[in-house]
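The lines below spell out each chain.
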Amino acid sequence: MSEEIFDLVVIGAGPGGYVAAIRAAQLGMTVAVVEKRGTLGGVCLNEGCIPSKALLDSSELFHLAGHRFSAHGIEVAPPTLNLGQMMARKDDVVKKLTDGIAFLFKKNKIKSVNGTARLAGSDAAGVHKIEVQGGEEIRAKKVLLATGSDPVQLPSLPFDWESVVSAREALSFDKVPEHLLVVGGGYIGLELGSVWLRLGAQVTVVEMLPRLIAGSDGQVAEALLRSLKKQGMRFLLGAKVAGVEKREGSLLARVEVEGGVQEIGCDKVLVAVGRRPLTAGLGLEELGVALENGRVKVDEDYLTSVPGVYAIGDLISGPMLAHKAMEEGAVCVERMRGEPSLVDYGCVPGVCYTWPEAASVGKTEDALKEEGIPYKSGKFNFMGNGRAKCMDETEGFVKVLSDVEGTRLLGVHIFGPRASDMIAEAVTVMSFGGSSEDIALIMHAHPTLSEAMKEAALDVDKRAIHG
Ligand code: FAD
C-alpha cells in the first residue's frame with residue numbers, strides 16, 4: 001500500500017471522470033484515476049461518441065461521393081468502399097484522442113492506475129481505501145465514482161457479441177452486413193443504422209413506441225423519420241422483437257407487430273435500447289451508498305449517502321450524455337473546493353448525428369402543453385436559407401419556442417444541416433436567461449445556416465424576412 005493519501009481518487013476515466021480529474025488538479029488537489037480498460041476516455045472516446053462520429057463522417061462522404069457530387073458538377077466514378085481503411089482511420093482518431101487524455105494526465109501530474117477499482121471502506125480518520133484488482137490499494141480523502149454505463153441487454157435478445165451485438169461491435173464490423181436489424185429507434189440505433197445504410201446495408205429499425213427518439217420534439221421526430229425513410233431505412237414502429245433464431249449463416253427475427261408476427265431475415269442484430277448505470281462490483285452495497293431507480297443518489301454537491309464519496313455522469317440521474325458528464329465532473333470538484341458552481345440542467349443540448357441532424361435544447365411543445373405553460377412559436381425552413389441552398393442541404397427547419405410575453409426562450413428544436421453546431425447559440429441564449437427577441441436582434445453573418453435561427457426567432461412574432 002502506498003503511503004500517499006490523495007486528495008481525490010476518481011474511479012473511471014470517461015468524460016466525467018477525466019474532466020473531474022484535470023479540473024481537480026488545476027485546483028491544486030493531488031489526484032489519482034483508476035480505469036479498468038487499457039485506454040483512457042471511457043465509453044465516449046473508445047466505443048461511443050468519437051468512433052460513431054468518425055464513421056458517420058466517413059460514411060457521409062462515401063454517400064456524397066456516390067450520390068451528390070454530380071449535382072455540383074463533379075463527375076467521379078462510383079466510389080468503392082475500403083472498409084478496412086475506414087475502420088483504421090476511425091481507430092486512429094480514437095487513439096489520438098485517448099493518447100491525448102494520457103498526455104493531459106501527465107501534464108497535470110495525475111496518477112493513472114490501470115485496474116478495476118472497488119471501495120473498501122474508510123479508516124477512523126475518514127480516509128477512503130480503494131482496492132485495485134490485482135494491484136495496489138490507494139487511499140484518498142475523497143472518492144469520485146464515474147464508472148458510467150453499459151448497454152441494456154434484452155432477455156429475449158441476449159448478446160452473443162457477434163450476430164446479436166451492442167453498439168461497440170457495430171462500430172467494428174469487418175464487413176458491411178447484408179441486412180442489419182436495429183432494435184431501438186433512439187440516437188444510437190439511428191446513428192449506427194445510418195452508418196451501415198450509407199455503406200450499402202439494408203437497415204430495418206424496430207421501435208416499440210409509435211415514434212423515434214422518445215422525448216424529442218414531435219415535428220423533428222416526424223421529419224427525421226420521413227428523411228431516413230427517403231434514404232432507404234425501413235421502420236417497424238409500435239413493434240417488438242420477440243426473439244431471434246440462428247439459422248445456417250443467417251438470423252431470423254420474430255417481430256411482434258400490430259395484428260401479428262413478422263419474420264425478418266437478417267445477418268446482424270444491433271440492440272440499442274438504452275444503457276444502465278455500472279454500479280455492480282464497486283462495493284456500493286457494503287458501504288451503504290444509496291441508489292435511486294438503479295442510479296447512484298447524490299445531492300446538489302454530487303455527494304452520495306456516504307461522506308466523502310461522490311458520483312457523476314451516466315451513473316447518476318439525468319440524460320446519459322458525455323457533455324452532461326463533463327459539466328458534472330468539473331462542477332463537482334469545484335464545489336468540493338467551496339466554489340458556487342452549478343450545472344444548468346434546463347440547458348442540456350441533445351443531438352442525433354444522423355444526416356440531416358436533429359438537435360434540441362429546453363422544453364418541447366409537448367412538454368409545455370403537458371405542464372400547461374403558455375408559449376408562442378416561430379419556425380423557419382432551411383429552404384429559405386441562402387447558405388443551405390449553396391450547400392444543397394435545404395431539408396429541415398428551426399423551431400423556436402418562447403414564453404407568451406417574449407421574455408424567455410423556452411426551447412429550440414432543429415432538424416437540418418449542422419444542427420449540432422447551430423444548437424450552441426440557443427444553449428448560450430437560454431443559459432443567459434435570454435429571449436427569442438435577443439436572437440432576433442443579434443446580427444448573424446450572411447450567408448450562414450445560423451441565419452435560420454434568427455429567422456425562426458423573428459417568426460415568433462410573425463416577422464421573418466425570408467419565410
Ligand atoms: P463512461 O464514459 O462510461 O466511462 C466510465 C469508465 O469507467 C469506463 O472507461 C469504464 O471502463 C470505467 N470503469 C467502470 N467501472 C470501473 C471500475 N470498477 N474500476 C475502474 N474503472 C471502471 N454522448 C454524447 O454526449 N454525444 C454523443 O454523440 C454520444 N454518442 C454515443 C454513441 C454511442 C455508440 C454510445 C454507446 C454512447 C454515446 N454517448 C454520447 C453517451 C456517452 O458516451 C456517455 O454518456 C458518456 O461516455 C458517459 O460518461 P461517464 O464519464 O459517465 O462514463
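Calculation criteria
- Numbering of residues begins from 1 in every chain and follows the order in which that chain's sequence is written.
- Local features in a predicted model are, by the rule used here, given only for residues with pLDDT of at least 70; side-chain atom pairs are given and counted only at 80 or more, and totals for whole chains, interfaces and linings are based on all residues.
- UniProt positions are given in the numbering used here, feature names are shortened, and annotations may be inferred rather than shown by experiment.
- Secondary structure elements follow DSSP: runs of H or I no shorter than four residues count as helices, runs of E no shorter than two count as strands, and numbering proceeds from the N terminus.
- Neighbour counting defines burial: a residue surrounded by 20 or more other C-beta atoms within 10 Å of its own C-beta is buried, one with 12 or fewer is exposed, and intermediate counts give partly exposed, using backbone-placed C-beta atoms.
- We call two residues in contact if the C-beta atoms placed from their backbones are at most 7 Å apart.
- Here a strand pair is declared whenever DSSP counts at least two bridges between the two strands.
- Comment: axis = line fitted to C-alpha atoms, over the contacting stretch for helices; angle = value between 0 and 180 degrees taken between N-to-C directions.
- The criterion for a residue being near a molecule or strand is a backbone-placed C-beta atom within 6 Å of that molecule or strand.
- Three classes are used: nonpolar for Ala, Val, Leu, Ile, Met, Phe, Trp, Tyr, Cys and Pro, charged for Asp, Glu, Lys and Arg, and polar for all others, with Gly counted as polar.
- Handedness rule for crossovers: strands pointing away from the viewer, path from the first strand over the helix to the second running clockwise, crossover right-handed.
- What marks off one domain from the next here is an automatic or database domain assignment.
- For our purposes the nonpolar core covers buried Ala, Val, Leu, Ile, Met, Phe, Trp, Tyr and Cys residues that link as a set through C-beta atoms within 7 Å.
- Here is the rule for handedness: rotate from the far helix to the near one, and if that takes an anticlockwise turn smaller than a right angle the crossing is left-handed, while a clockwise turn gives right-handed.
- For a helix, the expected span equals 1.5 Å multiplied by the residue count minus one.

If you look the protein up in an unreviewed UniProt entry, it shows as Dihydrolipoyl dehydrogenase from Citrifermentans bremense. Taken from UniProt, the Sequence similarities (unreviewed entry) comment for the protein reads in full: "Belongs to the class-I pyridine nucleotide-disulfide oxidoreductase family." Looking at the protein in UniProt, the text filed under Catalytic activity (unreviewed entry) is "N(6)-[(R)-dihydrolipoyl]-L-lysyl-[protein] + NAD(+) = N(6)-[(R)-lipoyl]-L-lysyl-[protein] + NADH + H(+)".

K.L.:
Help me understand the overall build of the protein, please; the structure alone is not making it clear to me.
P.N.:
Scanning the protein from terminus to terminus reveals 14 helices and 24 strands. Evaluated residue by residue, the protein yields a buried proportion of 44% over its 467 residues. Intrachain contacts of the protein at a sequence separation of at least 6 include 64% that bridge at least 24 residues.

K.L.:
Is there a simple way to explain the UniProt feature "domain: Pyridine nucleotide-disulphide oxidoreductase dimerisation" (unreviewed entry) in the protein in this structure?
P.N.:
Taking the numbering used here, the UniProt-annotated feature "domain: Pyridine nucleotide-disulphide oxidoreductase dimerisation" (unreviewed entry) corresponds to residues 348-457. Counted over residues 348-457, helix gives 35% and strand 28%. Its end C-alpha atoms are 20 Å apart.

K.L.:
Hey, could you run me through the sheet that holds strand 11 (residues 234-237) in this one?
P.N.:
The strands that make up a sheet pair up through hydrogen bonds in the backbone, lying either parallel or antiparallel. The 5 strands lie next to each other as 8-15-9-10-11, forming an open sheet whose pairing is parallel. The sheet is open, and its two borders are formed by strand 8 (164-165) and strand 11, each paired with just one other strand. Examined bridge by bridge, strand 8 and strand 15 (residues 268-271) share 2 bridges and lie parallel to one another. Counterpart to V164 in the pairing with strand 15 is V269. Taken strand by strand, helix 6 (residues 187-198) contacts strand 9 (179-183), strand 10 (202-207) and strand 15, and its axis lies near 165° from that of strand 10.

K.L.:
In this structure, what is going on with the site of the ligand? I would like to understand it.
P.N.:
Neighbouring the ligand are 37 residues, the closest being G12, G14, G42, G148 and G313. Looking at the shell around the ligand, the elements that each hand over two or more residues are helix 1 (15-26), strand 2 (31-35), helix 2 (42-47), helix 3 (49-67) and helix 9 (322-336). Considered class by class, the residues forming the shell around the ligand number 19 nonpolar, 14 polar and 4 charged.

K.L.:
Please clarify how the pairing of strand 2 should be interpreted in this entry.
P.N.:
Two faces make up the sheet, and in a regular strand the side chains alternate between them. Of all 5 residues that make up strand 2, 5 are buried, and the element is covered over most of its length. The two faces of strand 2 match: V31, V33 and E35 on one face and A32 and V34 on the other face are all buried. Here strand 1 (residues 5-11) pairs with strand 2 via 4 bridges, running parallel. Counterpart to I11 in the pairing with strand 2 is V34. Crossover strand 1 to strand 2 through helix 1 is right-handed.

K.L.:
Where do I start with the domain arrangement of the protein in this structure?
P.N.:
Many authors give the size of an interface as the accessible area that is lost as the parts come together. Parsing the protein into structural domains produces domain 1 (5-151 + 276-337), domain 2 (164-273) and domain 3 (356-460). With 9 residues of domain 2 in contact, the opposing surface of domain 3 contributes 11 residues. For the side of domain 2 that touches domain 3, the per-class residue count stands at 4 nonpolar, 4 polar and 1 charged.

K.L.:
So what exactly am I meant to see when it comes to the nonpolar core here?
P.N.:
Ranked by size, the top nonpolar core spans 132 residues in total, and within it V9, A20, L145 and I312 carry the most contacts. Looking at this core element by element, the count peaks at 8 residues for helix 9. Excluding its chain neighbours within four sequence positions, the residues that come into contact with V9 are A32, V34, I130, I138, A140 and V143.

K.L.:
It is not clear to me how the environment of I110 should be interpreted in this structure. Could you clarify?
P.N.:
Tracing the chain through its elements places I110 in the loop between helix 4 (83-107) and strand 3 (111-114). What makes I110 buried here is the crowd of 24 C-beta atoms within 10 Å. On a C-alpha basis, the gap between I110 and Q153 in space is 35 Å, while along the polypeptide they are 43 residues apart. Those residues in contact with I110, other than ones at most four positions away along the chain, are A21, A25, V31, V33 and F105.

K.L.:
How do you make sense of the packing of helix 3 against helix 6 when you look at a structure like this?
P.N.:
Any two packed helices are characterised by how steeply their axes cross, that is the angle between the axes, and by the distance between the axes. As a packed pair, helix 3 and helix 6 sit with axes 9 Å apart at the nearest point and diverge in direction by 35°. Crossing angle aside, the handedness with which helix 3 passes helix 6 is left-handed. Residues S52, L55, L56, S59, E60, F62 and H63 of helix 3 form the contact with helix 6, whose own contacting residues are E191, L192, S194, V195 and R198. Looking at the contact of helix 3 with helix 6 residue by residue, the classes come out as 5 nonpolar, 4 polar and 3 charged.

K.L.:
Could you clarify how one ought to interpret helix 3 in this entry?
P.N.:
Over its 19 residues, helix 3 runs 26 Å from end to end, which matches the ideal 27 Å to within 8%, given 1.5 Å per residue. Looking only at helix 3, the buried set comprises C49, I50, P51, S52, A54, L55, S58, S59 and F62. Among the structural elements, helix 2, helix 4, helix 6 and helix 9 are those in contact with the buried residues of helix 3.

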